[in-house]
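# Architecture at a glance
Given next are the chains, with one letter for each unit.
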Amino acid sequence: MNPLLARSFRIPFHEIRAEHVVPAVREALQAAEQELAALIAEPGARTYANTLQRLDALVERLDRVVGPAAHLVTVMDTPALREAYQTVLPEFSAFYARLPLNEGLWRALKAFSETAEARALSGVRRRHLQKTLREFARAGAELPPEQKARVQELQVELSRLHTEFANHTLDATNAFELHLTDEAELAGLPESAQALARASAAAKGLEGWRFTLQLPSYGPFLQYSERRDLRERMYSAYMNRAADGELDNRPLIPRILQVRRELARLLGFANFADFRLEDSMAGTGAAALAFLEDLAERTRPYFAREAAELSAFARDTLGLDELQAWDVAFATERLRRERFDFDEEALRPYFPLERVLTGMFEVARRLFGSVVRERPISEVWHPEVAYYEIHDEASGAHLGSFYADWFPRESKRGGAWMDSFVTGGPRAGGWMPHLGLMVGNFTPPEGQTPALLTHREVETTFHEFGHLLHHCLSRVEVAPRAGTNVPRDWVELPSQIMENWAWEREALDLFARHYQSGEPIPEQLFRRMRATRTFLAAIAQMRQLSFGIADLLLHTHYDPERDGDAVAYVQQILGRYTIRPEFAANHFITTFTHVFTGGYAAGYYSYLWSEMLDADAFTRFQQEGLFSREVGRAYVAAILSRGDSAEPAELFREFMGRDPELTALLARNLGGAEVAPEAV
């Protein structure tokens, strides 16, 4: 049997090969078409079961085949797998695009909506029907035939463009290496970065040290290398990936924007941002943009002060004639050392990955009563992949399972993410568990030394686990409204709020132990770490604001005839939010996969929107107990378990008793870290 067609809870990833993709997807598509035809031709009276529930089931069965194939392309990419996936990409993209445009299906849904059963629906089923009808209408269900056909063409083209953009980004990232053989060229680099580079060189049969554009290699190089010329080389390579040659993403950007613009207008929206955000908390592109611009104005005085301070330090202390973009991370690290006597590398020995995971799982147990245990299995896509199960501490019920894949490979796309494979639901005798995954690209182990994370990598681990809990603790009976199937500016709340525990002593003591001695983080080192939380935070916040503003302006205001080249247009925008405008003179957006592979298009603002929500919601834990089971259970009841079963604003009010406020975010990010070294 084709392993992609297996319906077992655990997916047989170890058996899936490139040659399985095309026949499995085509068989699943054929079955979906047949089931759709049967749904439309249903002779009996329209019911929830034979219409809406049946539609959900046929889509879920197709997703169970397409999802694992798409996942493998992101984590175990090979030429054969990529070719197979791209062969069927237009086929399943066309099916998904056709669904809301199918006249017979639309009539069936409308007919059911007019029945007495539909009028009597309540709770999440009522919301599901209402949102499904709205989503079909938004997707073009009521358009004339020729416009429906055009919508389908555009959706299929977008799928192809997004995949091509992502492939170019991965290939361009892998195409660069900095191979060093002179130890003097390693000046300033910590041993962890050197060890990783030695291992990378050895893996390629090279002597010396090999640095790449994977973040565990690139980040420390920019942060610590004393060789300004090499920092410039690395920075320029990273910021100009996929900007020329066969992997050039520049021609794709205007086409992606053009297709999105045409699609939005066909569907009755002024711009793509309004189309994407209609169902979000922000509601419109203008509202999201106003939020960011207001926050940027609040941030700017702090940003200006920090930028001037960093520039002066680089000039007067480091002897850099003028701060350049490739100096920022290096100068920031040196200023942090001088002000706080703090080196981030000093924390690494206290964050061995396995201990971090154990402590993070203990946080979840104390707060939510969720017990996480590793279970060795063979059905994984790579030997480094681990598998875990989550059970409810009180009842023992199996809530969900997940895979974890933490280290970079050339066959794996960069960044960190969470995804879902199976969304559970009610069944006889209980609840079917959920299945998901967490992926990262963290500092790998070296020889006998375990994987030692940076504190930022610890935060990222907590972040993705927050997404996973949102999926696995869901108790919404309708799968399309469960878990992380929520508006983009709400989905980051459960992830970002978890990061807060990575800064609290009470939580850190559960896992932050020296990998050799077992000692906890010394109090003085902890206090220095805490003091740096808001160090140059306005610069970091302005960077996020610039990305969100550029994204929204591209999808609301940008006109190629008036504004010219999209890359130059974005450079002008970003230049208003950087230390100097020329810092934006690069091709950053040619690898801006958040926006140009679809997921966060017109939605990058949601990180800061959700950060406002998380900073505010975390104040309840601070006030009532960092590990308060009562507050944790209230959080599960109001947010983690509820998916999209109610409006996000309503769920937030249920947990906090009021609407969100910006005060906590401003205090946390812009409160300053004006702590003298001797005080910490």
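Quick look at the structure, then.

Conventions adopted
- Residues numbered from 1 in each chain as written.
- Predicted model: local features only at pLDDT ≥ 70, side-chain atom pairs only at ≥ 80, totals over all residues.
- Heavy atoms only, no water.
- Helix = DSSP H or I, 4+ residues; strand = E, 2+ residues; numbered from the N terminus.
- Rg over C-alpha atoms; globule rule 2.2 N^0.38 Å.
- Buried < 20%, exposed > 50% of the residue type's maximum accessible area, 1.4 Å probe, protein only.
- Contact = heavy atoms within 4.5 Å.
- Areas by Shrake-Rupley, 256 points an atom, 1.4 Å probe, with all protein chains shown as cover.
- Lys, Arg positive; Asp, Glu negative; His and termini not counted.
- Charge placed at Lys NZ, Arg CZ, Asp CG, Glu CD.
- Pairing = 2+ DSSP bridges.
- Salt bridge = Lys/Arg side-chain N within 4 Å of Asp/Glu carboxyl O.
- Expected span 1.5 Å × (residues − 1).
- Phe/Tyr/Trp six-rings, centres within 6.5 Å; stacked < 30°, edge-to-face > 60°.
- Lys NZ or Arg CZ within 6 Å of the ring centre and 35° of its normal.
- Core = buried A, V, L, I, M, F, W, Y, C linked by side-chain atoms within 4.5 Å.
- Axes fitted to C-alpha atoms, helices over the stretch in contact; angles between N-to-C directions.
- Parallel < 35°, antiparallel > 145°, perpendicular 65-115°, else oblique.
- Left-handed = near helix turned anticlockwise from the far one by under 90°.
- Nonpolar A, V, L, I, M, F, W, Y, C, P; charged D, E, K, R; others polar.

Of the regular secondary structure elements, the chain holds 27 helices and nine strands. For 680 residues, the compact-globule formula gives about 26 Å, and the C-alpha radius of gyration of the chain, at 25 Å, lands near that figure. The C-alpha extent of the chain, read off along each of the three principal axes, is 80 × 60 × 50 Å. Looking at the chain as a whole, 59% of its 680 residues are labelled buried. For the chain, the share of sequence-separated contacts (at least 6 apart) that also reach a separation of at least 24 residues comes to 74%. Accessible surface for the chain amounts to roughly 26,800 Å². Of this, 50% is attributable to carbon and sulfur atoms. Mean positive and mean negative side-chain charge positions of the chain (75 and 96 charges, respectively) differ by 4 Å.

Time to look at the pairing of strand 4 (residues 386-392). When you tally the buried positions in strand 4, you get six out of seven residues, the bulk of the element. The pairing of strand 3 (residues 370-374) with strand 4 spans five bridges and is classified as antiparallel. Bridged to Val 371 within strand 4 is His 391. Between the antiparallel neighbours strand 4 and strand 5 (residues 398-405) lie five residues, among them Gly 396 with a positive phi of about 80°.

Moving on, we get to the pairing of strand 9 (residues 434-439). Across the six residues of strand 9, six count as buried, placing the element largely inside the fold. Alternating positions in strand 9 separate into two faces, His 434, Gly 436 and Met 438 on one and Leu 435, Leu 437 and Val 439 on the other, with burial throughout. Bridge count for strand 6 (residues 417-422) against strand 9 is five bridges, and the pairing is antiparallel. Counted as the bridge partner of Met 418 is Met 438 from strand 9.

Throughout the structure, instances matching the rule amount to 68 salt bridges. Residue Glu 654 is joined to Arg 642 by a salt bridge in which the shortest nitrogen-to-oxygen separation is 2.9 Å. In this pair, Glu 654 sits in helix 26 (residues 648-656) while Arg 642 sits in the loop between helix 25 (629-640) and helix 26, placing the two residues twelve residues apart along the sequence. A relative accessible area of 42% means that Glu 654 is categorised as partly exposed.

What follows is about the side chain of Arg 64. Tracing the chain through its elements places Arg 64 in helix 2 (residues 52-75). Of the residues examined, Arg 64 reaches a relative accessible area of 8% and is grouped as buried.

A word on helix 6 (residues 123-139). When the terminal C-alpha atoms of helix 6 are compared, their 24 Å separation across 17 residues agrees well with the 24 Å that a helix rising 1.5 Å per residue should span. All of the buried residues in helix 6 are Val 124, Arg 127, His 128, Leu 129, Lys 131, Thr 132, Leu 133, Phe 136, Arg 138 and Ala 139. Downstream of helix 6 by one or two residues, Gly 140 has phi in the positive range, about 110°.

Moving on, we get to the packing of aromatic side chains. This structure, assessed with the given rule, holds 43 aromatic pairs. Lying over the aromatic face of Tyr 387, Arg 10 brings its terminal NZ or CZ to 5.7 Å of the ring centre.

Core analysis: the largest hydrophobic core is formed by 169 residues, its most contacted members being Phe 211, Phe 351, Phe 368, Phe 462, Phe 465, Trp 501 and Phe 596. Non-local contacts of Phe 462, meaning those with residues more than four positions away in its chain, are made with Val 356, Met 360, Val 363, Ser 495, Met 498, Glu 499, Trp 501, Ala 502 and Phe 511. Of all hydrophobic cores here, the second largest spans 62 residues; its members include Phe 13, Leu 129, Trp 417 and Phe 421.

Let us now look at the environment of Glu 384. By the secondary structure assignment, Glu 384 is in the loop between strand 3 and strand 4. Glu 384 gets classed as partly exposed once you look at its relative accessible area, which sits at 39%. Linking Glu 384 and Trp 406, residues 22 residues apart in sequence, is a C-alpha distance of 7.8 Å. Dropping the residues within four chain positions of it, Glu 384 is found in contact with Ala 404, Phe 407 and Arg 409.

Looking at the element boundaries, Gly 424 is found in the loop between strand 6 and strand 7 (426-427). Taking C-alpha positions, Gly 424 is 24 Å from Ser 93, a pair spaced 331 residues apart along the chain. Once you skip the residues sitting within four places of it in the chain, Gly 424 turns out to touch Trp 431, Met 432, Pro 433, His 434 and Val 476.

Neighbouring strands of a sheet are bound in pairs by backbone hydrogen bonds; such pairs are parallel or else antiparallel. On the basis of which strands lie adjacent, the open sheet formed by five strands has the order 3-4-5-9-6 and mixed pairing. Each end of this open sheet is capped by a strand with a single partner; those strands are strand 3 and strand 6. Ignoring which end each strand starts from, the neighbouring axes of this sheet average 25° apart.

One non-glycine residue, Ala 242, lies in positive phi territory at about 55°. A positive phi angle, close to 50°, is found at Asp 341, a residue other than glycine. For Asp 341, the position within the fold is in the loop between helix 14 (328-340) and helix 15 (353-368). Classification of Asp 341 by relative accessible area gives partly exposed; the value is 47%.

One can describe the packing of helix 24 (residues 606-624) onto helix 26 by two numbers: an axis separation of 10 Å at closest approach and a directional angle of 25°. On the basis of their axis angle, the class for helix 24 and helix 26 is roughly parallel. Taken as a pair, helix 24 and helix 26 cross one another with a handedness that is left-handed. Here Leu 613, Asp 616, Ala 617, Thr 619, Arg 620 and Phe 621 of helix 24 come into contact with helix 26, specifically with Phe 652, Phe 655 and Met 656. For the contact of helix 24 with helix 26, the per-class residue count stands at six nonpolar, one polar and two charged.

Turning our attention to the packing of helix 7 (residues 145-175) against helix 11 (residues 252-266). Contact geometry of helix 7 with helix 11 gives a least axis separation of 10 Å together with a crossing angle of 150°. Relative to helix 11, helix 7 is oriented roughly antiparallel. Considering the relative orientation of helix 7 and helix 11, their crossing is left-handed. Judged by residue contacts, Gln 147, Arg 150, Val 151, Leu 154, Gln 155, Glu 157, Leu 158, Leu 161, His 162, Glu 164, Phe 165 and His 168 of helix 7 engage Leu 252, Ile 253, Arg 255, Ile 256, Val 259, Arg 260, Glu 262, Leu 263 and Leu 266 from helix 11.

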